[in-house]
Amino acid sequence: MNLKSFLEKYEEQGFVQVGKSTIVNARYVTHITPDLNMRLNLNMENGERLIVNRSYKKAFMDGLKKLREGGR
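Before going into details, it helps to say that this report is about the structure given with it.

Scoring rules and cut-offs
Residues numbered from 1 in each chain as written. Predicted model: local features only at pLDDT ≥ 70, side-chain atom pairs only at ≥ 80, totals over all residues. Heavy atoms only, no water. Helix = DSSP H or I, 4+ residues; strand = E, 2+ residues; numbered from the N terminus. Contact = heavy atoms within 4.5 Å. Phe/Tyr/Trp six-rings, centres within 6.5 Å; stacked < 30°, edge-to-face > 60°. Buried < 20%, exposed > 50% of the residue type's maximum accessible area, 1.4 Å probe, protein only.

### What about the environment of Gly-19?
Part 1 of the argument: For Gly-19, the position within the fold is in strand β1 (residues 15–19).
Part 2 of the argument: Put simply, Gly-19 and Asn-53 are 34 residues apart on the chain and 5.8 Å apart in space, counted from C-alpha to C-alpha.
Part 3 of the argument: Among residues more than four places away in sequence, those in contact with Gly-19 are Asn-53 and Tyr-56.

Okay, here's the thing in structure tokens:
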């Protein structure tokens, strides 16, 4: 399965693309901080740190917003 197919199938469960070859489940993001060049740093529940590249920033924020609105 390629990334595009995976996202189409699982985006309702909170999966969002944050880089060319990286998908993250936004439900497990514990902290978001801004970084240089309009990127974002994500801290995950398991302690891992990921970077949201600026070309994926809007899609990530939209996915996070959808997830939060759906969880209300």
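Further notes follow.
### As for the packing of aromatic side chains
Two measures describe an aromatic ring pair: the distance that separates the ring centres and the angle between the ring planes.
Part 1 of the argument: Applying the stated criterion across every chain yields a total of three aromatic pairs.
Part 2 of the argument: Plain terms: the ring middles of Phe-6 and Tyr-10 are 4.7 Å apart, the flat faces sit at 45 degrees to each other, and that makes the pair tilted. Of the two residues, Phe-6 and Tyr-10 are both situated in helix α1 (residues 3–10); the distance of four residues between them amounts to about one turn of the helix.
Part 3 of the argument: Here Phe-6 falls in the partly exposed class, since its relative accessible area comes to 26%.
Part 4 of the argument: Between the aromatic rings of Phe-6 and Phe-15, the centroid separation amounts to 5.2 Å while the plane-to-plane angle is 80 degrees, which identifies the pairing as edge-to-face.
Part 5 of the argument: These aromatic residues form a ring-pair network of at least three members: Phe-6, Tyr-10 and Phe-15.

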